[in-house]
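Examination of the molecular architecture
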Amino acid sequence: GTVTLHWPGQALYIRDETGGIQIQTEQSVVLEVGDVIDAVGFPAPGGYTPILKNAVIRTIDKASPPPPFPATSAMALSGDHDKELVRIEALLLAREETHSGRETLVLQNEKRVFRAFLPKPPDPLKAVSLVVGSRLQVTGICAIDLNEDGKPSDFSLWLRSPKDIAILQIPGWWKL
């Protein structure tokens, strides 16, 4: 499959013609979005879509990254795009920083609130500057959370970089 997101040591997602999957590996490989890899491992439950654990990875080619699917929160919760690259327009409600320095955006699309996770920036001075109340277009890997009954209850997005955020509109009061 083609790499759609790689946070070294944390997350690796690929997509092929059948869909997206998360891969867990102990290998310390540097992969870029668009790398075509071959992965062999053990399938395991991983929420809505299975994951591949203890995978061995080999890079075999380079390709254009697959385009994101335009989505809404209802489409994301349907499960059709779990572990795949989606693009959603949303209102920025808040920004949170974790103890590891990674930033989380709290967003709203339609009436659904969800989170988008940004990798820790290599240079904090180049971190994205966003104003709460802005309308954004975010592109990231959709990850569905399940409730006790095994049904989709929530979703989040894993962004590849700050470049996956486009500001569509800033709040009116900010323009003054």
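The shown structure was predicted, so the numbers you read here are calculated from the model rather than taken from an experiment.

1. A few points about the packing of aromatic side chains
Applying the stated criterion across every chain yields a total of three aromatic pairs. Seen from their ring centres, Trp-7 and Trp-158 are 4.8 Å apart, and the 50° between their planes marks the pair as tilted. Of the two residues, Trp-7 sits in strand 1 (residues 2-7) while Trp-158 sits in strand 11 (residues 152-159), which places them 151 residues apart along the sequence. Trp-158 shares its class with Trp-7; the two are buried. Aromatic pair Phe-114 and Phe-155: ring centres 4.6 Å apart, planes at 25°, arrangement stacked. Here Phe-114 is found in strand 9 (residues 112-118), whereas its partner Phe-155 is found in strand 11, with 41 residues between them in sequence. Overall, Phe-114 belongs to the buried group, its relative accessible area being 1%. Classification of Phe-155 as buried rests on a relative accessible area of 1%. Among the aromatic residues, ring-to-ring pairing joins Trp-7, Phe-117 and Trp-158 into one connected group.

2. Considering the pattern of salt bridges
Overall, the coordinates contain eight salt bridges when judged by the stated rule. Taking the shortest distance from any N to any O, the salt bridge between Lys-62 and Glu-32 comes out at 3.6 Å. Taken as a pair, Lys-62 in strand 5 (residues 51-62) and Glu-32 in the loop between strand 3 (19-25) and strand 4 (35-44) lie far apart in primary sequence, 30 residues in all. By relative accessible area, which is 45% here, Lys-62 ends up partly exposed. For Asp-38, the salt bridge goes to Arg-58, with nearest N and O atoms at 3.1 Å. Taken together, the residues span a long stretch of sequence, with Asp-38 in strand 4 and Arg-58 in strand 5 at a distance of 20 residues. The class of Asp-38 is partly exposed, set by a relative accessible area of 31%. Salt bridges here are not isolated pairs; linked through shared partners, they connect Glu-32, Asp-35 and Lys-62.

3. Some words on the confidence of the model for the protein
With 91% of its residues at a pLDDT of 70 or more, the protein shows a mean pLDDT of 89. Element-level pLDDT for the protein is lowest in helix 2 (residues 172-175), with a mean of 62, against a maximum mean of 96 in strand 6 (residues 69-70).

4. Examining the pairing of strand 7 (residues 85-97)
Where strand 6 lies against strand 7, two bridges are found, and the strand directions are parallel. Note that in strand 7 the partner of Phe-69 across the bridge is Val-86. When strand 7 meets strand 10 (residues 135-146), the two strands line up antiparallel, connected through seven bridges. In the sheet register, Leu-85 faces strand 10, and the bridge partner there is Ile-141. Here six bridges tie strand 7 to strand 8 (residues 103-109), and the two strands are oriented antiparallel to one another. Bridge pairing in strand 8 places Glu-97 opposite Glu-103.

5. Some thoughts on the environment of Pro-50
With respect to the helices and strands, Pro-50 occurs in the loop between strand 4 and strand 5. With 33 residues separating them along the chain, Pro-50 and Lys-83 place their C-alpha atoms 9.5 Å apart. If we ignore the near neighbours within four places in the chain, the residues touching Pro-50 are Ile-21 and Ala-44.

6. Some thoughts on the nonpolar core
Formed by 21 residues in total, the largest nonpolar core has its most connected members in Ile-88, Leu-105, Leu-107, Phe-155, Leu-157 and Ile-165. Elements represented by at least two residues in this core include exactly helix 1 (73-77), strand 7, strand 8, strand 9, strand 10 and strand 11. If near-sequence neighbours (up to four positions away) are discounted, Phe-155 is found in contact with Ser-73, Ala-76, Leu-77, Ile-88, Arg-112, Phe-114, Arg-115, Cys-142, Ala-143, Ile-144 and Asp-145.

Quick notes on the rules
- Residues numbered from 1 in each chain as written.
- Predicted model: local features only at pLDDT ≥ 70, side-chain atom pairs only at ≥ 80, totals over all residues.
- Heavy atoms only, no water.
- Phe/Tyr/Trp six-rings, centres within 6.5 Å; stacked < 30°, edge-to-face > 60°.
- Helix = DSSP H or I, 4+ residues; strand = E, 2+ residues; numbered from the N terminus.
- Buried < 20%, exposed > 50% of the residue type's maximum accessible area, 1.4 Å probe, protein only.
- Salt bridge = Lys/Arg side-chain N within 4 Å of Asp/Glu carboxyl O.
- pLDDT = per-residue confidence, 0-100.
- Pairing = 2+ DSSP bridges.
- Contact = heavy atoms within 4.5 Å.
- Core = buried A, V, L, I, M, F, W, Y, C linked by side-chain atoms within 4.5 Å.

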